[in-house]
Amino acid sequence: MTREELIEKIESLKGAQLALQGVMAASDKYAAKCLKMGLTFSEAYPEEYSAYTAANAEYNENEGVIASLEEQLAGMPEEPSEP
């Protein structure tokens, strides 16, 4: 994979991370409501809970991939800039 491809992949994954953060943040209001009412989030809002857990799992997986790609990128020589 070239340096440019690595950078593109990292940026793509970081964009996906933002979308996943949005999904998780949207679930926060339901989780907070459950906490206030003494309910179990997964039982009271199963669809929101499922969306949250899926987004969280993907987010965590992406974090590992991003770290690995950034490590590869750091080990690559800088490409000479064009005049």
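What you see is a predicted model, and the numbers here were worked out from it, not measured in a lab.

K.L.:
Honestly, the overall build of the protein chain in this entry has me stumped. Any pointers?
P.N.:
Helix and strand content of the protein chain: three helices and zero strands. In the protein chain, the succession of helices and strands from N to C terminus is α-α-α. The C-alpha radius of gyration of the protein chain comes to 18 Å, more than 25% above the 12 Å expected for a compact globule of 83 residues. Per-residue burial for the protein chain yields a buried fraction of 20% across its 83 residues. Considering only residue pairs separated by 6 or more positions, the protein chain has 74% of its internal contacts joining residues 24 or more positions apart. Put simply, the protein chain has 6 plus and 16 minus side-chain charges, and the middle of one group is 12 Å from the middle of the other.

K.L.:
What am I meant to see in the pattern of salt bridges here?
P.N.:
One pass over the full model with this rule turns up one salt bridge. The residue Lys 14 makes a salt bridge to Glu 70 at a minimum N-O spacing of 3.2 Å. Linking Lys 14 in helix 1 (residues 3–37) with Glu 70 in helix 3 (residues 46–74), this pair joins segments that are 56 residues apart in sequence.

K.L.:
Hey, could you run me through helix 1 in this one?
P.N.:
One full turn of an α-helix is made of 3.6 residues, so residues set three or four places apart face in the same direction. Taking 1.5 Å of rise per residue, the 35 residues of helix 1 would be expected to cover 51 Å, and the 51 Å separating its terminal C-alpha atoms lies within 8% of that figure. For helix 1, the principal kink sits at Asp 28 and spans about 30°. Listed in full, the buried residues belonging to helix 1 are Arg 3, Leu 6, Ile 10, Leu 13, Gln 17, Leu 20, Met 24, Ser 27 and Cys 34. Turning to helix 1, the residues buried within the fold contact helix 2 (41–44) and helix 3. One or two positions beyond helix 1, positive phi appears at Gly 38, with a value near 70°.

The rules behind these values
- Residues numbered from 1 in each chain as written.
- Predicted model: local features only at pLDDT ≥ 70, side-chain atom pairs only at ≥ 80, totals over all residues.
- Heavy atoms only, no water.
- Helix = DSSP H or I, 4+ residues; strand = E, 2+ residues; numbered from the N terminus.
- Rg over C-alpha atoms; globule rule 2.2 N^0.38 Å.
- Buried < 20%, exposed > 50% of the residue type's maximum accessible area, 1.4 Å probe, protein only.
- Contact = heavy atoms within 4.5 Å.
- Lys, Arg positive; Asp, Glu negative; His and termini not counted.
- Charge placed at Lys NZ, Arg CZ, Asp CG, Glu CD.
- Salt bridge = Lys/Arg side-chain N within 4 Å of Asp/Glu carboxyl O.
- Expected span 1.5 Å × (residues − 1).
- Bend = angle between axes of the 7 residues up to and from the residue.

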